[in-house]
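Next come the chains, spelled out residue by residue.
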Amino acid sequence: MANTFQSRGGTRRGPARGGKGGRGGKGGRGGARTVAVRRTAPVVREPVTLPAVMSVAELSEMLQTTGIEVIKELMKLGIMANVNQQVDYDTAAKVAVALGWETNARENGVVERATADFESRKAEAETDPNAQARPPVVTIMGHVDHGKTKLLDAIRSANVAEGEAGGITQHIGAYQVETQGRKVTFLDTPGHEAFTAMRARGAQATDIAILVVAADDGVMPTTREAVAHIKSAHVPMVVAINKIDLPAANPDRVKQQLSELEVVPEEWGGDVPVVEVSAREKLGLDDLLEVLLLVADVNELKANPHKPANGIVIEAKVDRARGPVATVLVQSGTLNLRDVVVAGGTWGRIKAMYDDRGKRVRRAEPSYPVEILGLVDVPQAGDTFQSFDDEKEARELADTRQARARVAAIVGDRPVKLTELYNQVQEGTTEELRVILKADVQGSLGAIQQALLKLNEDTEQGVSLSIQFSGTGAISESDVNLASTTRAIIIGFNVRPDVAAKRAADATGVDIRFYTIIYNLLDEVRSAMTGLLAPIFQDVTDGYAEVRNTFKIPGGDVVAGLYVLDGRITRNSKARVLRSGTVMHEGGIRSLKRFKDDVREVAAGYECGLGLDAFNDLQNGDQIEFFHREEVARG
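Because the structure is a prediction, the values reported are computed rather than measured.

Enquirer: Can you explain the overall build of the protein? Please cite residues and give values.
Expert: Per the secondary structure count, the protein includes 16 helices and 37 strands. Per-residue burial for the protein yields a buried fraction of 47% across its 635 residues. Looking at the protein as shown, the accessible area adds up to about 31400 Å², and 47% of this sits on carbon and sulfur atoms.

Enquirer: Quick rundown of the pattern of salt bridges? Include the residues and the values.
Expert: What the rule picks out here adds up to 31 salt bridges. Among the salt bridges present, the one from Arg503 reaches Asp566, with a minimum N-O distance of 2.9 Å. Taken together, the residues Arg503 in helix α15 (residues 499-508) and Asp566 in strand β30 (residues 558-570) connect sequence positions 63 residues apart. The shortest N-O distance in the salt bridge between Arg576 and Glu586 comes to 2.9 Å. Taken together, the residues span a long stretch of sequence, with Arg576 in strand β31 (residues 574-579) and Glu586 in strand β32 (residues 582-587) at a distance of ten residues. Among the charged side chains, a salt-bridge network with shared partners connects Arg496, Asp539, Arg576, Glu586, Glu625 and Arg629.

Enquirer: Give me the lowdown on the sheet that holds strand β27 (residues 489-493), citing residues and values where you can.
Expert: Pairing within the open sheet is parallel, and its four strands lie in the order β26-β25-β27-β28. Every interior strand has two partners, whereas the edge strands, β26 (464-472) and β28 (512-515), have only one. Between one strand axis and the next, the sheet turns through 25° on average, direction left out of account. Looking at chain direction, β27 and β28 are connected through four bridges and run parallel. Bridge pairing in β28 places Ile491 opposite Arg513.

Enquirer: Pulling in residues and values, what's your account of unusual backbone geometry?
Expert: Backbone geometry places Ser367, a non-glycine residue, at a positive phi of 70°. Position of Ser367 among the secondary structure elements: in the loop between β22 (363-364) and β23 (369-375). Notably, Asn494 is not glycine yet its phi reads approximately 60°, a positive angle. Mapped onto the elements of the fold, Asn494 is located in the loop between β27 and α15. For Asn494, a relative accessible area of 19% puts it in the buried group.

Enquirer: Lay out helix α14 (residues 477-486) in plain terms, naming residues and giving numbers.
Expert: Among the ten residues of α14, seven are classified as buried, and the element is accordingly described as predominantly covered. Of the residues flanking the end of α14, it is Arg487, one or two places downstream, whose phi is positive at about 55°.

Enquirer: Can you tell me about helix α9 (residues 251-260), naming the residues and giving the values?
Expert: Among all positions in α9, only Pro251, Val254, Lys255, Gln257, Leu258 and Ser259 are buried. Residues of α9 that are buried in the fold lie against β13 (208-214), β14 (237-242) and β15 (274-276). Directly after α9, the chain includes Glu262, whose backbone phi takes a positive value near 65°.

Enquirer: Kindly report on the packing of helix α2 (residues 67-76) against helix α3 (residues 89-98), identifying the contributing residues and their values.
Expert: Close contact between α2 and α3 brings their axes to 10 Å; oriented N to C, the two are set at 110°. On the basis of the axis angle, α2 is roughly perpendicular to α3. Seen along the crossing, α2 lies across α3 with a hand that is right-handed. Across the interface between the two elements, Val70, Glu73 and Leu74 of α2 pack against Thr91, Val95 and Ala98 of α3. When the residues that make up the contact of α2 with α3 are grouped by side-chain class, the tally is four nonpolar, one polar and one charged.

Enquirer: Before we move on, can you summarise the side chain of Ser278 with the specific residues and values?
Expert: Take Ser278: it is sitting in the loop between β15 and α10 (285-298). Ignoring anything within four residues of it in the chain, the contact list for Ser278 reads Asn242, Lys243, Ile244, Asp245 and Leu283.

Enquirer: Can you tell me about the nonpolar core, naming the residues and giving the values?
Expert: By size, the foremost hydrophobic cluster in this structure holds 27 residues, and its most contacted members are Leu151, Ile155, Phe186, Ile210, Leu288 and Leu292. Listed by contribution, the elements that provide at least two residues to this core are β10 (137-142), α6 (148-158), β11 (174-179), β12 (182-187), β13, β14 and α10. A per-element tally of this core places α10 first, with eight residues. Beyond its immediate stretch of four places on either side in the chain, Phe186 contacts Val138, Ile140, Leu152, Ile155, Gly173, Ala174, Tyr175, Val177, Ile210, Leu289 and Leu292. The next biggest cluster of nonpolar side chains, apart from the first, holds 19 residues, and it includes Leu50, Leu59, Val70 and Ala96.

Enquirer: Account for the sheet that holds strand β21 (residues 346-354), with residues named and values stated.
Expert: By definition, the strands of a sheet pair up through backbone hydrogen bonds, in either a parallel or an antiparallel sense. As summarised here, the arrangement of the six strands in space is β17-β18-β23-β21-β20-β24, forming a closed barrel in which the pairing is antiparallel. Sheet twist, expressed as the average angle between the axes of neighbouring strands with direction ignored, equals 45°. Direction of pairing for strand β17 (residues 310-319) relative to strand β18 (residues 323-332): antiparallel, over a ladder of nine bridges. Looking at β18, one finds that Val318 is bridged to Pro324.

Enquirer: I'd like a description of the environment of Asp479, backed by residues and values.
Expert: If you trace the backbone, Asp479 turns up in helix α14. A relative accessible area of 2% means that Asp479 is categorised as buried. Residues Asp479 and Ala228, spaced 251 residues apart in sequence, show a C-alpha to C-alpha distance of 9.8 Å. In contact with Asp479, other than residues within four places in its own chain, are Glu225, Ile436, Lys438, Phe469, Ala474 and Ile490. A distance of 2.9 Å separates a polar side-chain atom of Asp479 from the backbone nitrogen of Ser476.

Enquirer: How would you explain the packing of aromatic side chains if you had to name every residue and give the values?
Expert: By the definition in use, this model includes one aromatic pair. When the ring of Tyr175 is compared with that of Phe186, the centres are 5.8 Å apart and the planes differ by 25°; the resulting orientation is stacked. Taken together, the residues span a long stretch of sequence, with Tyr175 in strand β11 and Phe186 in strand β12 at a distance of eleven residues. Take Tyr175 and Phe186: they sit in the same class, and that class is buried. One Lys or Arg, Arg156, reaches over the ring of Tyr175 and ends 4.6 Å from the middle of that ring. Arg322 extends its terminal NZ or CZ atom over the ring of Tyr354, reaching a point 5.7 Å from the ring centre.

Enquirer: Account for the environment of Asp566, with residues named and values stated.
Expert: Classification of Asp566 as partly exposed rests on a relative accessible area of 23%. Placed 22 residues apart in sequence, Asp566 and Tyr544 show a C-alpha to C-alpha distance of 5.2 Å. Residue contacts for Asp566: discarding those within four places in its chain leaves Val499, Arg503, Asp542, Gly543, Tyr544 and Ala604. Within polar-contact distance, the side chain of Asp566 engages the side chain of Arg503 at 2.9 Å.

About the thresholds
- Residues numbered from 1 in each chain as written.
- Predicted model: local features only at pLDDT ≥ 70, side-chain atom pairs only at ≥ 80, totals over all residues.
- Heavy atoms only, no water.
- Helix = DSSP H or I, 4+ residues; strand = E, 2+ residues; numbered from the N terminus.
- Buried < 20%, exposed > 50% of the residue type's maximum accessible area, 1.4 Å probe, protein only.
- Areas by Shrake-Rupley, 256 points an atom, 1.4 Å probe, with all protein chains shown as cover.
- Salt bridge = Lys/Arg side-chain N within 4 Å of Asp/Glu carboxyl O.
- Pairing = 2+ DSSP bridges.
- Axes fitted to C-alpha atoms, helices over the stretch in contact; angles between N-to-C directions.
- Contact = heavy atoms within 4.5 Å.
- Parallel < 35°, antiparallel > 145°, perpendicular 65-115°, else oblique.
- Left-handed = near helix turned anticlockwise from the far one by under 90°.
- Nonpolar A, V, L, I, M, F, W, Y, C, P; charged D, E, K, R; others polar.
- Core = buried A, V, L, I, M, F, W, Y, C linked by side-chain atoms within 4.5 Å.
- Polar contact = N/O pair within 3.5 Å; in protein donor to acceptor, adjacent residues only side chain to side chain.
- Phe/Tyr/Trp six-rings, centres within 6.5 Å; stacked < 30°, edge-to-face > 60°.
- Lys NZ or Arg CZ within 6 Å of the ring centre and 35° of its normal.

Right, here's the structure in full:
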């Protein structure tokens, strides 16, 4: 990139110092002092080559500028850093471009080659002539009481040979069963939270998702959440209607409820296979396995077993006797005993491998789950792994990934904020606003959904709005996990998050917006999509408390005995009374006491007495959110 030899403060003095008429030149010290500034030809800069991770000081040296200039550019990106903190390549490249440089990634770095290799392996089924059919990998999800675990146990026990040592079978988080001479791999993960947590780490382990719905209960709120998680992952779905042996079973009602969620059974003209089963009576299990094989055939699941292995970590732990132990699922290639592997930010040489029945094995082919020993540390669930020929390369990659993880904690991919949407549209980095919508009642929910989707017709900024999930009730931790994975914002209408959801949102940076008037909600979203948002006041939560008792005092007012669950209460905080997630009242604090003394604040883990302005309908079990308002400049 051509660039004139100019600095921000003016022409650089380097070419003029010591020149004609300057200090020490012919003009002498006593004569008229003129400084001749030689006009130089534009300087053609070679693109700067940046490593995967570097400190701010190192970056400023590479860009031939000061650390202050680099820090200023980082601040424009919303990153607060000092000269000793590290930044990753993507961030450094943005800074370099802003300062007039073109960039290259490190040309021969292990990380770049490893990443490119991993991406090419993922696409091998489409291009590799040596790719072969592999078993499907299946995850079971659904409501907590609808029989997910019993269904897994029934499938597994029906496929364990008589007399096999079932009593010593290890739980390794995944197992294989055989049907019609073919194998199916099941991931034994606890529901859609684990499924989404893996996706949040960039891992897509599942080929098919089974949605379990009880024939007597029908669709529950957790069922709707599971459907949203499956759809957001673009994974084929098979519905298993369980408990058909019960007298209250009504499969047709379940199918009708699913159709309302746009999960239309094949027999009703849709594209979702539905199988009726009973885990307790072991009915319909063969039909379910047959459907899974048909879905696998339609999706042509393939991998090349003749390459170095790569895959995903299902779970990991430290065993007191065996050290770090990881359950991995091979997705491509073949994993062999004594292979050197990198898993996330750790590495090691495989000393032993066990299958799901506790049997020692020497190799694992695609879609095969095994427990491995030999890593130097414990990886995280959802980390990718890959095998290497060179131990030195493996160690270098693991060290670099650890450095990148430290950087990601500071400058990682942040969830989208409603206030930043317009800037992202202007920069061409986003074309969609994803929303998770929660409301207090179904009537409000439906009206808001229709009005939000109508904004797609009203705005002409090239931004579309999509609703990833909608439901009634308090904002849950599951909602926050889905928002984090899909980079969505959460909109709450007359509902608030519970304590776990608030902590998860603070940890992940998910943007949660609260409204009590539909028109305000629509105006803010419309303004975000068209770039007209003005500065606002934003609620900042100070703490949560629970009402443990209530007392009526002379004069008719009611005070509550509280237990502070999280954060702290301050005398100047505002209070919001929540009953089953619904906002009952919002206002000031009339009194705050510990025993008989007025206090300015009460911390988590303590009890106190509270009186609210103009509200006496406090009940045992109510949660109270304490907050204050801060002015926030919109993006």
